[in-house]
Amino acid sequence: MKGIFNRLKERIAKLEYEQTMKETREKERRVRIENKLVAIRDNSVKVFSLSVEREQCS
Amino acid sequence: MPAWVQIIVSVIGLAGVVIAGIFGIIQVQLRNRVNNVEKKSDANARLETENNILEQLIPLLERKDDALDRIALILEQYGKRIEYVEIGQDNLLALAKERCLAPVLLEEIRRYYDKKDEREVRQSILTAIFDEGNIQ
């Protein structure tokens, strides 16, 4: 009986480990995505600042 | 029934109750851990789905910025050749907000290079900016 519980505990521990790893991966992925979005936003502002400067120069 | 038999039966019964209690406690602990794993699994699945959606959107946003980049470049060349005093700073900023207009404007500006009648094309560019974008 003790063996059954130990095997169950091992399986649950494995699942916990897998989900923890997945959580870490997905959170890192989210950070990378958010960085990309920030870069896109900054680039957009920069491009149009440039356009406005050109317009002002003319 | 002799007394010693009663004692043995009582001890066995008591041991059974203790063992059942221990197994019950272990079972509750395991169930709690399984519930926590399930919750974390659901949260991870949601996070993964959100990430997948955002990752699909990023190329679209990047392409839009690419269009804006090209417009900025063309505006620079365009500005050297014709006056566009009517395109004020406010309108450019408003255009920046209406980013879906970028491809339309780009097409109109491109026509500038293909057509001989510059005045007509210039007018069509202004139309694309002011009319289609509803920019005053």
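Just so it is clear, the structure is predicted and the values come from calculations on it, not from any experiment.

Peer 1: Explain the overall build of chain B to me, using residue names and the numbers behind them.
Peer 2: On a plain count of helices and strands, chain B comes out with four helices and zero strands. Counting from the amino terminus, chain B carries its helices and strands in the arrangement α-α-α-α. Split into buried and exposed, the 136 residues of chain B put 29% on the buried side.

Peer 1: Explain the overall build of chain A residue by residue, including any values.
Peer 2: The secondary structure content of chain A amounts to one helix and zero strands. Out of the 58 residues belonging to chain A, those deemed buried represent 26%. Of the roughly 4,300 Å² that chain A leaves accessible, carbon and sulfur atoms contribute 55%.

Peer 1: Provide a residue-level description of the confidence of the model for chain A, including the pertinent values.
Peer 2: Chain-level statistics for chain A give a pLDDT mean of 77 and a share of 69% at 70 or above. Of the regions scoring below 50 in pLDDT, residues 52-58 of chain A engages in 14 contacts with residues more than four places distant in sequence or in other chains.

Peer 1: Lay out a nonpolar patch on the surface with the relevant residues and their values.
Peer 2: All names here are of chain B. Nonpolar side chains collect at one region of the surface, where Trp4, Ile8 and Ile12 lie side by side and expose about 360 Å² of accessible area between them. Secondary-structure assignment places Ile12 in helix 1 (residues 3-81). Residue Ile12 is classed as exposed on the basis of its relative accessible area, which comes to 57%.

The rules behind the values
Residues numbered from 1 in each chain as written. Chains lettered and ligands numbered in written order. Predicted model: local features only at pLDDT ≥ 70, side-chain atom pairs only at ≥ 80, totals over all residues. Heavy atoms only, no water. Helix = DSSP H or I, 4+ residues; strand = E, 2+ residues; numbered from the N terminus. Buried < 20%, exposed > 50% of the residue type's maximum accessible area, 1.4 Å probe, protein only. Areas by Shrake-Rupley, 256 points an atom, 1.4 Å probe, with all protein chains shown as cover. pLDDT = per-residue confidence, 0-100. Contact = heavy atoms within 4.5 Å. Patch = residues over 30% accessible without salt bridge, like charges linked within 9 Å, V, L, I, M, F, W, Y side chains within 5 Å. Salt bridge = Lys/Arg side-chain N within 4 Å of Asp/Glu carboxyl O.

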